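Structural characterization, general
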Amino acid sequence: GGRASGDNSGDREETGVDTDAFDAVRQAYEVLSDDARRREYDAALAAAARARRVAVTEHIDLDAMEQRQLADGEYEFSRSCRCGGRYAITEGELEALMESDSGGETGASAGASAFCAGTALVQCSTCSLVVSVAFSAAA
């Protein structure tokens, strides 16, 4: 006893195809191909981006941070946070930011940094506080 042709029940199990993925693509196409729905989607994305903007606790200069040489020879710049954690950024991260084409401010996750016109946003290693560290290409 086989299935009658046209009976699609159980196709996912037999073919391994994820119909949820197809539904997501179909829904995205429907939103993006309709001008009004696309404007709503773009507005929602912009609102979400505004909500993710980082509140900077303090603006400091790279020269005001402690400098130490790491085991691999690279330099790390750090400063204590009021929670007891540390804000830290390495020389390599600064160089990568200077070479970056992003040019826009982005959120920083713990231990990560972002570039904004000669400013690195550095999150504390322990809490959610973020400092803005001004640096120059000569740093």
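Residues numbered from 1 in each chain as written. Predicted model: local features only at pLDDT ≥ 70, side-chain atom pairs only at ≥ 80, totals over all residues. Heavy atoms only, no water.

Description of the overall build of the chain
- Along the chain, the regular secondary structure elements total four helices and seven strands.
- Secondary structure elements of the chain occur, N-terminal to C-terminal, as α-α-α-β-β-β-β-α-β-β-β.
- Across the 139 residues of the chain, 23% fall into the buried class.
- For the chain, the accessible area works out to roughly 9300 Å², and carbon and sulfur atoms hold 49% of it. (Helix = DSSP H or I, 4+ residues; strand = E, 2+ residues; numbered from the N terminus. Buried < 20%, exposed > 50% of the residue type's maximum accessible area, 1.4 Å probe, protein only. Areas by Shrake-Rupley, 256 points an atom, 1.4 Å probe, with all protein chains shown as cover.)

Describing the sheet that holds strand β4 (residues 86–90)
- Spatially, three strands are ordered β2-β3-β4 in an open sheet, and the strand pairing comes out antiparallel. The sheet terminates laterally at β2 (66–69) and β4, the two strands that pair on one side only. Geometrically, the sheet is characterised by an average inter-axis angle of 25 degrees between neighbouring strands, direction not taken into account.
- Here β2 runs beside strand β3 (residues 75–80); their pairing, made up of four bridges, is antiparallel. Its bridge partner being in β3, arginine 68 is matched across the sheet by glutamate 76.
- On top of the sheet, helix α4 (residues 91–99) reaches β3 and β4; it is set at about 65 degrees to β4, its chief contact. (Pairing = 2+ DSSP bridges. Axes fitted to C-alpha atoms, helices over the stretch in contact; angles between N-to-C directions. Contact = heavy atoms within 4.5 Å.)

Some details on the environment of glutamate 74
- Here glutamate 74 shows up in the loop between β2 and β3.
- Overall, the relative accessible area of 22% leaves glutamate 74 in the partly exposed class.
- Residues glutamate 74 and glycine 92, spaced 18 residues apart in sequence, show a C-alpha to C-alpha distance of 7.2 Å.
- Setting aside its immediate chain neighbours within four residues, glutamate 74 contacts Arg68, Gln69, Thr90, Glu91, Gly92 and Glu93.
- In this structure the side chain of glutamate 74 is engaged in a polar contact, spanning 2.5 Å, whose partner is the backbone nitrogen of glycine 92. (Polar contact = N/O pair within 3.5 Å; in protein donor to acceptor, adjacent residues only side chain to side chain.)

Quick word on a nonpolar patch on the surface
- Taken together, Leu32, Tyr41 and Leu45 make up a surface patch of nonpolar side chains, about 270 Å² in accessible area.
- With respect to the secondary-structure elements, leucine 45 resides in helix α3 (residues 35–51). (Patch = residues over 30% accessible without salt bridge, like charges linked within 9 Å, V, L, I, M, F, W, Y side chains within 5 Å. Salt bridge = Lys/Arg side-chain N within 4 Å of Asp/Glu carboxyl O.)

Observations regarding helix α2 (residues 19–33)
- Given a rise of 1.5 Å per residue, 15 residues ought to cover 21 Å, and the 21 Å separating the end C-alpha atoms of α2 matches this to within 8%.
- Two to three positions downstream of the cap, the backbone nitrogen of aspartate 20 sits 3.0 Å from a side-chain oxygen, assigning the N-cap of α2 to aspartate 18. (Expected span 1.5 Å × (residues − 1).)

Focus on the pattern of salt bridges
- Tallied over the full model, the rule gives five salt bridges.
- In this structure, the salt-bridge partner of glutamate 30 is arginine 26, at a minimum N-O distance of 3.0 Å. You can see glutamate 30 and its partner arginine 26 sitting in helix α2, four residues apart, about one turn around the helix.
- Classification of glutamate 30 as partly exposed rests on a relative accessible area of 32%.
- Note that glutamate 58 and arginine 79 form a salt bridge whose closest N and O atoms lie 3.1 Å from each other. Residue glutamate 58 is located in strand β1 (residues 56–61), and its partner arginine 79 is located in strand β3; the two are separated by 21 residues in the primary sequence.

Side note on the confidence of the model for the chain
- Chain-level statistics for the chain give a pLDDT mean of 77 and a share of 69% at 70 or above.
- Considering each helix and strand of the chain separately, the mean pLDDT is smallest for strand β5 (residues 113–115), with a value of 45, and largest for β2, with 96.
- Low pLDDT (under 50) marks residues 101–112, which in the prediction has 24 contacts with non-local residues, meaning those over four places away or in another chain. (pLDDT = per-residue confidence, 0-100.)

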